[in-house]
Amino acid sequence: MRTQIAIIGAGPAGLLLSHLLHLQGIESIVLESRSRPEIEATIRAGVLEQGTMDLLTEAGVGERMRAEGALHHGIELAFGGRRHRIDLTELTGKAITVYPQHEVIKDLVAARIDAGGPLLFEVSDVALHGVDTDKPSVRFSHAGAEQIIEADFVIGCDGFHGVSRAAIPASVRQDYQRTYPFGWFGILVESAPSSEELIYAHHERGFALVSTRSPTVQRLYFQCDPSDHVDNWSDDRIWNELHSRLENNDGWRLNEGKIFQKNIIGMRSFVSAPMQSGRLMLAGDAAHIVPPTGAKGMNLAIGDVKLLARAFEQFYRDGSEDRLNSYSADALKRVWRAEYFSWWMTSLLHTFADATPFQREIQRAELENVVSSRAMATALAENYVGAF
Ligand code: FAD
Ligand code: DHB
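Cut-offs applied
- Residues numbered from 1 in each chain as written.
- Chains lettered and ligands numbered in written order.
- Predicted model: local features only at pLDDT ≥ 70, side-chain atom pairs only at ≥ 80, totals over all residues.
- Heavy atoms only, no water.
- Axes fitted to C-alpha atoms, helices over the stretch in contact; angles between N-to-C directions.
- Helix = DSSP H or I, 4+ residues; strand = E, 2+ residues; numbered from the N terminus.
- Parallel < 35°, antiparallel > 145°, perpendicular 65-115°, else oblique.
- Left-handed = near helix turned anticlockwise from the far one by under 90°.
- Contact = heavy atoms within 4.5 Å.
- Nonpolar A, V, L, I, M, F, W, Y, C, P; charged D, E, K, R; others polar.
- Near = heavy atom within 4 Å.
- Polar contact = N/O pair within 3.5 Å; in protein donor to acceptor, adjacent residues only side chain to side chain.
- Areas by Shrake-Rupley, 256 points an atom, 1.4 Å probe, with all protein chains shown as cover.

Chemist: What's the story with the packing of helix α8 (residues 297–318) against helix α10 (residues 327–349) in this structure? I'm lost.
Modeler: Any two packed helices are characterised by the angle at which their axes cross and by the distance between the axes. As a packed pair, α8 and α10 sit with axes 10 Å apart at the nearest point and diverge in direction by 160°. Overall, the two elements α8 and α10 adopt an arrangement that is roughly antiparallel. Here the hand of the crossing between α8 and α10 comes out right-handed. Packed against α8, whose contacting residues are Asn299, Leu300, Gly303, Asp304, Leu307 and Leu308, the element α10 presents Tyr327, Asp330, Ala331, Arg334, Val335 and Ala338 at the interface. Of the residues belonging to the contact of α8 with α10, the class tally is 7 nonpolar, 2 polar and 3 charged.

Chemist: What should I look at first to understand the site of ligand 2 in this one?
Modeler: Around ligand 2, a shell composed of 14 residues is seen, among which Tyr200, Ser211, Arg213, Tyr221 and Pro292 lie nearest. A distance of 2.6 Å separates an oxygen atom of ligand 2 from a polar side-chain atom of serine 211. Considering ligand 2 on its own, with 290 Å² of exposed area, one finds that the protein chains cover 96% of that surface. Looking at the shell around ligand 2, the elements that each hand over two or more residues are β15 (198–201), β16 (208–212) and β17 (217–224). The residue makeup of the shell around ligand 2, split by class, is 8 nonpolar, 3 polar and 3 charged.

This is the structure in structure tokens:
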């Protein structure tokens, strides 16, 4: 097989890149190790920044997002027995949409298949070759046969556990990382929404988050021990924990419902730089991970492929490699701002078991500052909606 751009991974980054290239008349092939039903059912992110919403709309894949997603103009921060609203739209002129990542995936898969793909599921043994030459290739197995794709470029969109990152030579690569001493326990619940906007709660028992998926399905998270197991958490124990972390004396109550999914998510900050070497470029979680508190992961993946699509448009239009050569530097500027914000939101809102009384009071004072200073609230809002 021969194509212009070989893309490894059919997550938001790989699928959207393939679609944006198609709109510019550039050919690509996407290789995915999992099955279509599996990628369309994996529950992950929920919050789309304004720039992500705009890009999906411009690319003609935003119709269902606009119809079924929930446009939010603010978020709430809850601590010290009170809830405080951060008015995102008043502070930044922008908004966010809560629309599940697997619905974005379904929309993108449908668009790729409508346009004739090619999109190969359930590939295995993916290996990159010659990315330091101008004839890179990807070998893999599909439907029991060994295959090879020759391409002009290879793009690694295969997530944190993919194979692409390792093809950037260790001699030029630097990894930056931080792990956190807690994880998130996530549940999906059949109930009506408890709140019109997301609630990020800081409580002495730990962080909790109220999000949504649809008028009948809600997404809730609470800080937990990352080595804990979902079987240790009965539904009653989960509800008790959520009620105690989220409810104050203001009469607001969390709606209960049937819990139909439970999972525990680890938290890390990670950047691998540079994000390109020779004819290989990395995009999304293959190159960087953020803890989920700032809701940035999928948005960063989409920001990367927006840059790549522009760079390839320039390259195939007039042969200029300027944007391709500056891809890593351009992407990393935004990545590090999001790394900073995600680390900051995580540190602001979680409970640290080893915090001294001094550190606990400083954390409380910082929360007070954020909700009482328009400047601090604006900084949070700008980062949250991605207004930079
Ligand atoms: P992925 O989505 O990981 O896709 C990579 C794809 O590559 C996968 O389909 C994988 O099967 C495939 N693959 C892997 N290895 C290979 C291989 N060798 N060959 C072929 N294919 C391969 N982000 C937000 O922006 N907002 C949020 O609210 C948010 N909430 C989150 C909540 C949770 C619980 C979690 C876990 C994450 C959350 N994120 C959020 C992060 C977001 O889900 C990720 O950042 C996003 O999925 C990254 O997209 P990607 O395309 O780079 O990688
Ligand atoms: C969701 C996930 C996040 O990480 C976040 O900050 C907000 C919402 C969600 O899954 O709905």
